[in-house]
Amino acid sequence: MKNIAVIGAGTMGNGIAHVFAQNGFSVRLIDISQKALDKGLANISKNLDRMLAKGKTDQTLKSDTLENITLFTSIPEGVADTDLVVEAASENLKVKLDIFKELEQSCPTDTILATNTSSISITQIAAATQRPDKVIGMHFMNPVPIMQLVEIIRGYSTSDDTTQTVMNVSKELGKTPTQVNDYPGFVANRILMPMINEAIESLYHGVAGVSEIDTVMKLGMAHPMGPLQLADFIGLDVCLSILNVMYEGLKNPKYAPCPLLVNMVTAGKLGVKSGEGFYDYASSRKAEQVSERFLN
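Given the structure is predicted, the values throughout are model-derived calculations rather than measurements.

Cut-offs used in this document
- Residues numbered from 1 in each chain as written.
- Predicted model: local features only at pLDDT ≥ 70, side-chain atom pairs only at ≥ 80, totals over all residues.
- Heavy atoms only, no water.
- Helix = DSSP H or I, 4+ residues; strand = E, 2+ residues; numbered from the N terminus.
- Rg over C-alpha atoms; globule rule 2.2 N^0.38 Å.
- Buried < 20%, exposed > 50% of the residue type's maximum accessible area, 1.4 Å probe, protein only.
- Contact = heavy atoms within 4.5 Å.
- Pairing = 2+ DSSP bridges.
- Right-handed = clockwise from strand over helix to strand, strands pointing away.
- Polar contact = N/O pair within 3.5 Å; in protein donor to acceptor, adjacent residues only side chain to side chain.
- Expected span 1.5 Å × (residues − 1).
- Arc of directions from axis to C-beta.
- Salt bridge = Lys/Arg side-chain N within 4 Å of Asp/Glu carboxyl O.

Engineer: Give a detailed account of the overall build of the chain, specifying residues and quantitative values.
Structural biologist: Across its full length, the chain carries 13 helices and eight strands. Taken against the 2.2 N^0.38 rule, which gives 19 Å for 296 residues, the C-alpha radius of gyration of the chain at 19 Å falls within 12% of a compact globule. Referenced to the eigenvectors of the C-alpha coordinate spread, the extents of the chain come out at roughly 55 × 45 × 30 Å. Out of the 296 residues in the chain, the part that is buried amounts to 49%. Here the analysis covers contacts within the chain between residues at least 6 apart in sequence; of these, 67% occur between residues at least 24 apart.

Engineer: Which residues make up the pairing of strand 2 (residues 26-30), and what are the values?
Structural biologist: Within strand 2, four of the five residues are buried, which leaves the element mostly enclosed by the surrounding structure. Bridge count for strand 1 (residues 3-7) against strand 2 is five bridges, and the pairing is parallel. Residue pairing for strand 2: I4 is matched across the bridge by V27. On the question of chirality, the crossover connecting strand 1 to the parallel strand 2 by way of helix 1 (residues 11-22) is right-handed.

Engineer: Describe in detail the environment of D182, supporting the description with residues and values.
Structural biologist: For D182, the location among the structural elements is in the loop between strand 8 (176-181) and helix 8 (188-204). A sequence separation of 62 residues divides D182 from I120, and the C-alpha atoms of the two residues are 8.7 Å apart. Here D182 is in contact with I120, S121, I122, T123, I153, R154 and G155, once residues within four sequence places are set aside. Within the structure, D182 has its side chain in polar contact with the side chain of S121 (distance 3.4 Å). At a separation of 2.7 Å, a polar atom in the side chain of D182 contacts the side chain of T123.

Engineer: Describe helix 7 (residues 160-172), listing the residues and the values that go with them.
Structural biologist: Taking 1.5 Å of rise per residue, the 13 residues of helix 7 would be expected to cover 18 Å, and the 18 Å separating its terminal C-alpha atoms lies within 8% of that figure. If you check which residues of helix 7 are buried, you get T162, T163, V166, M167, V169 and S170. Seen from one end, helix 7 has its buried residues packed into an arc of 165°, which puts them on one side. Opposite the packed face of helix 7, turned more than 90 degrees from it, sit the exposed residues D160 and D161.

Engineer: Quick rundown of the pattern of salt bridges? Include the residues and the values.
Structural biologist: Per the stated rule, a full pass over the model turns up eight salt bridges. Across the salt bridge formed by E91 and K96, the nearest N and O atoms sit 3.8 Å from each other. Across the salt bridge formed by K94 and D98, the nearest N and O atoms sit 2.9 Å from each other. Of the two residues, K94 and D98 are both situated in helix 5 (residues 93-106); the distance of four residues between them amounts to about one turn of the helix. A relative accessible area of 57% means that K94 is categorised as exposed.

Next up, the structure:
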């Protein structure tokens with residue numbers, strides 16, 4: 001398994017493409033936007049430069065990694081002759097279903113179709129294809145080049161062979177794959193998002209301010225980031241989407257998004273990517289500094 005396609009050149013997509021290419025896979029990075037592709041490739045190069053400065057790679061490996069990546073704006077063209085496709089588009093069910101319908105038509109019959117979804121049902125996504133046994137969740141953590149975990153999620157019909165293949169490929173990337181079952185939020189976000197939501201509730205009800213809440217969790221619980229800063233880094237719209245998936249899927253009010261989160265997303269305050277969330281990232285390079293502190 002050497003030919004990999006990654007759908008989506010955003011933060012997660014370019015990170016996934018980076019780790020595959022760095023480990024010798026031939027990667028086709030696909031996005032409908034050439035601008036997004038160029039930005040994604042530039043981000044990979046920048047991350048490699050950061051690794052180079054820290055002595056974690058060398059110039060030859062950087063060059064080889066970049067040479068292993070080819071850019072495409074067409075799914076049919078990009079996924080031809082692929083062994084594995086990893087979809088990393090936005091956390092939106094309709095978008096993912098449309099992509100998987102196109103993948104079903106365009107990919108070889110033995111291609112494994114993986115999704116980087118952090119909460120949406122693998123079984124529901126697999127139903128858009130004629131190969132549900134070859135559909136699986138491959139949930140990388142952000143930032144992908146740094147974080148060790150890959151959550152491997154089996155849908156109702158995912159085969160043992162598909163699961164084992166994806167587990168093995170994850171190990172080839174130097175990751176630690178952990179198998180979980182197909183329920184809303186899986187494990188990572190079923191635990192993380194209620195914590196973030198509770199931090200937002202604490203702010204909403206005036207228990208403490210933003211920096212105070214984050215300081216308590218960083219210093220008291222040894223978290224590398226406070227939950228509100230982490231929410232900004234993830235994207236408040238993504239947090240809201242995941243909470244809605246869990247709330248609708250589990251019918252439990254404890255997963256209901258805080259009204260403050262809903263209002264902030266409605267107002268376009270999405271965190272780092274919009275320049276403002278629980279923190280202000282509009283001035284100088286502050287938004288980038290948040291990411292760099294997390295990567296250290």
